[in-house]
Amino acid sequence: MAMLDKTTVMAEAIAQIPDGATVMLGGFGVPGTPFSLIKELVRQGQKDLTLIKNDANETGMGVDWLLQNGQVRKLVVSHIGLNANAVRMMNEGEIEVEFVPQGILAERIRVAGAGVMGFVTDIGMGTLMAKGKPEITVNGVTGILETALKADFALVHASQADTFGNLRFTASARNFNPLISMAARKTIAEVKSVTPLGGLAPDDVHTPGPFVDHVVVIPELLEVYGVVER
Amino acid sequence: MAMLDKTTVMAEAIAQIPDGATVMLGGFGVPGTPFSLIKELVRQGQKDLTLIKNDANETGMGVDWLLQNGQVRKLVVSHIGLNANAVRMMNEGEIEVEFVPQGILAERIRVAGAGVMGFVTDIGMGTLMAKGKPEITVNGVTGILETALKADFALVHASQADTFGNLRFTASARNFNPLISMAARKTIAEVKSVTPLGGLAPDDVHTPGPFVDHVVVIPELLEVYGVVER
Amino acid sequence: MVSLNARERMLRRAAADIVAGMTVNLGIGLPTKVLRYVPANLPVCLHSENGIAGVGAPVANSDADPDLIDAGGAYVSTIPGTSFFDSAVSFAIVRGGRLDLTMLGAFEVAGNGDLANWIIPGKFSPGAGGAIELAQKARKVAVITTHTDKNGRPKILSQCRLPLTASGCVHRIFTDMAVCDVTPEGLRLTEIAEGLSVADVLNVTEADLVLPEGPLPTF
Amino acid sequence: MVSLNARERMLRRAAADIVAGMTVNLGIGLPTKVLRYVPANLPVCLHSENGIAGVGAPVANSDADPDLIDAGGAYVSTIPGTSFFDSAVSFAIVRGGRLDLTMLGAFEVAGNGDLANWIIPGKFSPGAGGAIELAQKARKVAVITTHTDKNGRPKILSQCRLPLTASGCVHRIFTDMAVCDVTPEGLRLTEIAEGLSVADVLNVTEADLVLPEGPLPTF
């Protein structure tokens, strides 16, 4: 038995994404955002994208590159408060925004990855968030139905990978990355370093290789990945 | 900021379990089964228990100690084929058995841990497994409703812990242990070794301490945990 | 009317509700500042929505690990016993009943425990982040807020006018003037800032307050 | 009628369906034996329900790690690139569409792809384990079985009589006599064991078989 080598050239991995695709992006703020893959997506210019991510980064960063380049049709997010440009585009109707409570966003992605159709929760009952969602009663308690959130592609930022696509994340850069890796038809991971097979102990893998299709080694961390001065 | 010391004497931890409790047990076959905690539960003799576990171990092992001691009212399991005594007790009506497909068992436990009420899946549609379960339609596709599976107590076997209850598992002994740790009101972990705080790297924790209430260091692995000769 | 250090005394009073063994999530702004008044050696696990249990002290930019921020975007450190996990596990802690206490800011809070802190239609709608789940599912929910807004208008209302974050979720309100508890009998005034009279508080509170029989403890 | 090494040839033929890059789950019994015929250097990731991707070779008891078994309870090893995970993640691989192929045993399999392999009411009901999800959700489902049971009765039926594991799930059936594919036109006989005639196969097959126009490849 051996393991497939999934290391791929960045341009080729990203070129698989067509116009109109639904793309999940890792990251909560800066940590875990796949800035290099996003930059390549900006260079290639795919249009009409639906992006699923916790947030819209900050003005001038990551998701905002795609927004300013006119590549985004819709955002599915929990919060865009740090990106004034995204708020403006939403208010002026240039993009559609679907807000989801953060943990429900995480769970909708996770159940998609788990091959489940949807789940029942009482989160958001009695608020705007529940509006229009079907009610389901479980053991006499009523909740709302939240549907699984799938994507065509997941773009992930990991600190370490082996050539089979076993991934490890660092600190708070883990966030949505393991979840989106499971929920997309194709998962592309940018990594700071790749080790030969056997370089990651089996107990230490955060995202198992079967969920990952392409491993892209980035030559260096973009400047945007440094400490943000506020 | 500091962290609570959760190390506890085994007898005291297990004494919290009352008659009639619902108890989840880790383990898939031998690996990950909390044999020492089960043995203490046999010694204390709590009755009328509902056990939730992947399997019933083998005749003369683990779950079977509780069965033979007459402490079990019901098993919720995916498979009991290796325990002829459990099959006999089921057939003779001495215990109730609820069979759940293995991955649905895992998911019902996981969504309970995630504070979700239930989920919709097409697994088992058109088979005995779907009998009597409500049908729910999600985006035009019909599935069945599976409910969250909670417990009063989870008994977990981990290889390593720190005093706060951060846990690490080894190899295939992980299985249901991280899931049940999240799904019970109280989680008791037996561990082979406990390290001071700081002994586990934050990126290497499998089950975060907030899910764990008691850490019980076992003096030695029971013989039953060795290689099974068949 | 409100003494200069009323804010500090509010924070110190709120901190006293954080007791040994708790897992706690502190919202951005005033709630985060409560930490300053928590004894350094108190065994408390600070949770952050972005996947941390055991958030350590904030760090200067010069010492920051760019991969390690809290949910408010501040660079933080670890302590012995910290763990990292993904966002689904993080909210499992919240929804699964393992978060003992959250302290949150408020635009408005009502006498029945309703909380509004995420959207001002037409003015401010950046999304709720994790606020809805924190408010709805922490075992205890405390609000920390100035008693009035910057125009002197009451923030403790008889009914929220803004869209709710969660209904009936708040157990206790800490302000620079008072501590109030949501009870089945209504919003009860339980403590008062030193130097203030009950009338001072009633004057700037829209919600009806249940008053104590005897003298009020001060903070 | 069936040559002595028919079973080995069936396993070798089934192994040829395992191609580079696949993630594969092999059921207990005959399916596990297919591994012997997979080239050692072929990049294939073997999945086990109990939380392993990259199952290595079986090991003798004397060399076994008591914490490392496969879903059938056999002591196994790791290979470079193996990962361990919990049971929820393990079935996320299965249900989420990341399992390319599973090979399963059968009590009965029908011409329409129905599979029964987990319960014989009143005789054998130990629970389904992970069989239902493997059968329902692997991208390709192959059954490996002797063509007849030990009493010589057909196992490929026009309709399953036992309770189903999953309906219409099977894509291909490997037996010691034939390879059959479930197609919209019905169960198609696509290959035949060396030395057998089509009549030999038809004699012990209850399901209707769609026969090829030309000569059948042998295995």
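Residue positions are counted from 1 within each chain, in the order its sequence is given. In the order they appear in the text, chains get letters beginning with A and ligands get numbers beginning with 1. The model is predicted, so local features are restricted to residues of pLDDT at least 70 and side-chain atom pairs to those at 80 or more, both for listing and for counting; the totals for chains, interfaces and linings are taken over all residues. Where side-chain values are given, they derive from all heavy atoms of the structure, hydrogens and water being excluded.

### Let's talk about the overall build of chain A
In step 1: Only DSSP runs of H or I reaching four residues or more are called helices, and only runs of E reaching two or more are called strands; each is numbered from the N terminus. When you go through chain A residue by residue, the secondary structure sums to six helices and eleven strands.
In step 2: Here the radius of gyration uses the C-alpha set of atoms, whereas the globule reference equals 2.2 Å times the residue count to the power 0.38. Taken against the 2.2 N^0.38 rule, which gives 17 Å for 230 residues, the C-alpha radius of gyration of chain A at 18 Å falls within 12% of a compact globule.
In step 3: When burial is assessed residue by residue, chain A has 66% of its 230 residues classed as buried.
In step 4: Residue contacts are counted whenever heavy atoms from the two residues lie within 4.5 Å of one another. Within chain A, contacts between residues at least 6 apart in sequence are counted, and of these 72% link residues at least 24 apart.
In step 5: Note on areas: Shrake-Rupley, 1.4 Å probe, and residue coverage restricted to the protein chains presented here. When the accessible surface of chain A is totalled, it reaches about 7,500 Å², and 51% of it is carbon and sulfur.
In step 6: Charged residues are defined narrowly, with Lys and Arg counted positive, Asp and Glu counted negative, and His plus the chain ends left uncounted. By convention, the point assigned to a charge is CZ for Arg, NZ for Lys, CD for Glu and CG for Asp. Taking the average location of the 19 positive side-chain charges in chain A and that of its 25 negative ones, the two points are 3 Å from each other. Any residue under 20% of the maximum accessible area for its type is buried, any over 50% is exposed, and the rest in between are partly exposed; the area is computed with a 1.4 Å probe on protein chains only.

### Quick look at the confidence of the model for chain C
In step 1: By definition, pLDDT measures how confident the predictor is in each residue, and it falls between 0 and 100. Across chain C, pLDDT averages 95, with 98% of residues at or above 70.
In step 2: Our summary of model confidence lists the complex with pTM equal to 0.97 and ipTM equal to 0.97.

### Concerning the interface of chain C and chain A
Quite often, the size of an interface is put as the accessible area lost when its parts meet.
In step 1: Listed per partner, the contact involves 35 residues of chain C and 38 residues of chain A.
In step 2: Two parts lose some accessible area (1.4 Å probe) when they are put together, and adding that loss for both gives the buried area. With both chains or domains summed, chain C and chain A bury close to 3,000 Å², and 59% of this area falls on carbon and sulfur atoms.
In step 3: Sorting the residues of chain C by area buried against chain A places Asp67(C), Ser87(C) and Pro126(C) first, and these three jointly supply 19% of that buried surface.
In step 4: One speaks of a salt bridge when a side-chain nitrogen belonging to Lys or Arg is within 4 Å of a carboxyl oxygen belonging to Asp or Glu. Counting every contact that joins chain C to chain A gives three salt bridges.
In step 5: In this structure, the salt-bridge partner of Glu107(A) is Arg95(C), at a minimum N-O distance of 3.5 Å.
In step 6: At the level of secondary structure, the elements contributing two or more residues to the side of chain C that touches chain A comprise α3 (87-95) and α4 (131-137) of chain C.
In step 7: Looking at the side of chain C that touches chain A residue by residue, the classes come out as 19 nonpolar, ten polar and six charged. The nonpolar class holds Ala, Val, Leu, Ile, Met, Phe, Trp, Tyr, Cys and Pro. Asp, Glu, Lys and Arg form the charged class, and all remaining residues, Gly among them, are polar.

### Here we look at the pairing of strand β3 (residues 52-58) of chain D
Residue and element names in this part refer to chain D.
In step 1: Most of β3 sits inside the fold, with five of its seven residues counted as buried.
In step 2: When DSSP locates at least two bridges between a pair of strands, those strands are taken to pair. When strand β2 (residues 45-48) meets β3, the two strands line up antiparallel, connected through two bridges. Counted as the bridge partner of Ser-48 is Ile-52 from β3.
In step 3: Between the antiparallel neighbours β2 and β3 lie three residues, among them Gly-51 with a positive phi of about 105°.
In step 4: Bridging between β3 and strand β4 (residues 76-84) involves four bridges; their strand directions are antiparallel. Its bridge partner being in β4, Ile-52 is matched across the sheet by Phe-84.

### Quick notes on the state of the cysteines
Think of a disulfide as a covalent bridge from one cysteine sulfur atom to another cysteine sulfur atom.
Residue and element names in this part refer to chain D.
In step 1: In this description, the term disulfide denotes a pair of cysteine sulfurs within 2.5 Å. As enumerated under the stated definition, the model contains zero disulfides over all chains in all.
In step 2: Sulfur of Cys-169: no disulfide; nearest cysteine sulfur belongs to Cys-160 and is 8.8 Å away.
In step 3: A relative accessible area of 7% places Cys-169 in the buried class.

### A short note on the nonpolar core
In step 1: Put simply, buried Ala, Val, Leu, Ile, Met, Phe, Trp, Tyr and Cys residues joined by side-chain atoms within 4.5 Å make one nonpolar core. One finds Leu75(A), Ile109(A), Leu75(B) and Ile109(B) to be the most contacted residues of the largest nonpolar core, which totals 160 residues.
In step 2: Setting aside anything within four residues of it in sequence, one finds Leu75(B) in contact with Leu51(B), Ala56(B), Val63(B), Leu67(B), Ile80(B), Ile95(B), Glu96(B), Val97(B) and Glu98(B).

### A closer look at the sheet that holds strand β7 (residues 115-116) of chain D
Residue and element names in this part refer to chain D.
In step 1: Taken together, the three strands give an open sheet; going across it, the order is β7-β6-β9, and neighbouring strands pair in mixed fashion. Looking at strand neighbours, the two that pair on one side only are β7 and β9 (156-157), the edges of this open sheet.
In step 2: With two bridges connecting them, strand β6 (residues 108-110) and β7 associate as antiparallel partners. The residue bridging Glu-108 from the neighbouring strand is Ala-116, located in β7.

### A short note on empty space enclosed by the protein
In step 1: Here a cavity is any set of points on a 1 Å grid over the protein atoms alone where a 1.4 Å probe fits but cannot get out, and a pocket is any open set with protein on both sides within 12 Å along at least 5 of 7 lines; a residue lines the site when it has an atom within 4 Å of a point. Grid points are joined across faces, edges and corners, and a volume is the space filled by probe spheres set on the points. Applying the stated criterion across every chain, the model contains two cavities of 30 Å³ or more.
In step 2: Looking at the largest cavity, its volume works out to about 590 Å³.
In step 3: In terms of lining residues, the largest cavity is bounded by 36 residues, among which His206(B), Asp86(C), Val89(C), Asp86(D) and Val89(D) are the most central.
In step 4: Of all the secondary-structure elements, those providing two or more residues to the lining of the largest cavity are α6 (177-183) of chain A, α6 (177-183) of chain B, α3 of chain C together with α3 (87-95) of chain D.
In step 5: Residues belonging to the lining of the largest cavity are distributed by class as follows: 20 nonpolar, four polar and twelve charged.
In step 6: Taken as a whole, the second largest cavity spans an internal volume of roughly 30 Å³.
In step 7: Looking at the second largest cavity, the residues that line it are His157(B), Ala158(B), Ser159(B), Phe169(B), Thr170(B), Ala173(B), Lys192(B) and Asp67(D).
In step 8: At three residues, strand β8 (residues 151-162) of chain B tops the list of elements feeding residues into the lining of the second largest cavity.
In step 9: When its residues are assigned to classes, the lining of the second largest cavity shows three nonpolar, three polar and two charged.

### Considering the packing of helix α5 (residues 102-113) of chain B against α3(D)
In step 1: As a rule, the C-alpha atoms of each element are fitted with a line to give its axis, helices using only the stretch in contact, and angles between N-to-C directions run from 0 to 180 degrees. Here α5(B) crosses α3(D) at 125°, and the two axes come no closer than 9 Å. Relative to α3(D), the element α5(B) is oriented oblique. For α5(B) against α3(D), the interelement crossing comes out left-handed. Where α5(B) abuts α3(D), its residues Gln102(B), Gly103(B), Ile104(B), Ala106(B), Glu107(B) and Arg110(B) lie against Ser87(D), Ala88(D), Phe91(D) and Arg95(D).
In step 2: Residue composition of the contact of α5(B) with α3(D), by class: four nonpolar, three polar and three charged. For classification, angles of less than 35 degrees are called roughly parallel, those exceeding 145 degrees roughly antiparallel, those between 65 and 115 degrees roughly perpendicular, and all remaining angles oblique. By convention the crossing between two helices is left-handed if the near helix lies anticlockwise of the far one by an angle smaller than a right angle, and right-handed if it lies clockwise.

### A few points about the pattern of salt bridges
Residues and elements named next belong to chain B.
In step 1: Overall, the coordinates contain 49 salt bridges over all chains when judged by the stated rule.
In step 2: Note that Arg-43 is salt-bridged to Glu-40, the shortest N-O span being 2.7 Å. Placement of both Arg-43 and Glu-40 in helix α2 (residues 35-44) is noted, with a separation of three residues, approximately one turn of the helix.
In step 3: Note on Glu-40: relative accessible area 9%, which makes it buried.
In step 4: Among the ionic contacts, a cluster of salt bridges with common partners joins Asp-48, Arg-73, Lys-74, Glu-96, Glu-98 and Arg-108.

### Some words on the interface of chain C and chain B
In step 1: The partner chain B presents 27 residues to the 27 residues of chain C that form the contact.
In step 2: Of the roughly 2,100 Å² buried where chain C meets chain B, counting both sides, 64% is carbon and sulfur surface.
In step 3: For chain C, the biggest contributors to the area lost against chain B are Gly81(C), Phe84(C) and Arg98(C); these three give 28% of the whole.
In step 4: Any pair of nitrogen or oxygen atoms within 3.5 Å is treated as a polar contact; in protein, a donor-acceptor pairing is required on top of that, and neighbouring residues in sequence qualify only through side-chain atoms on both sides. On the surface where chain C and chain B come into contact, there are nine residue pairs in polar contact (both at pLDDT 80 or more).
In step 5: Contributions of two or more residues to the side of chain C that touches chain B are made by β3 (52-58), β4 (76-84) and α3 of chain C.
In step 6: With seven residues, the single largest contributor to the side of chain C that touches chain B is β4(C).

### Overview of the sheet that holds strand β6 (residues 108-110) of chain C
Residues and elements named next belong to chain C.
In step 1: Across the sheet, three strands lie side by side as β7-β6-β9; this open sheet has mixed pairing. The open sheet has two edge strands, β7 (115-116) and β9 (156-157), and neither has a second partner.
In step 2: Inspection of the sheet shows β6 paired to β9 by two bridges, in the parallel sense. Bridging across to β9, Val-109 finds its partner in Ile-156.

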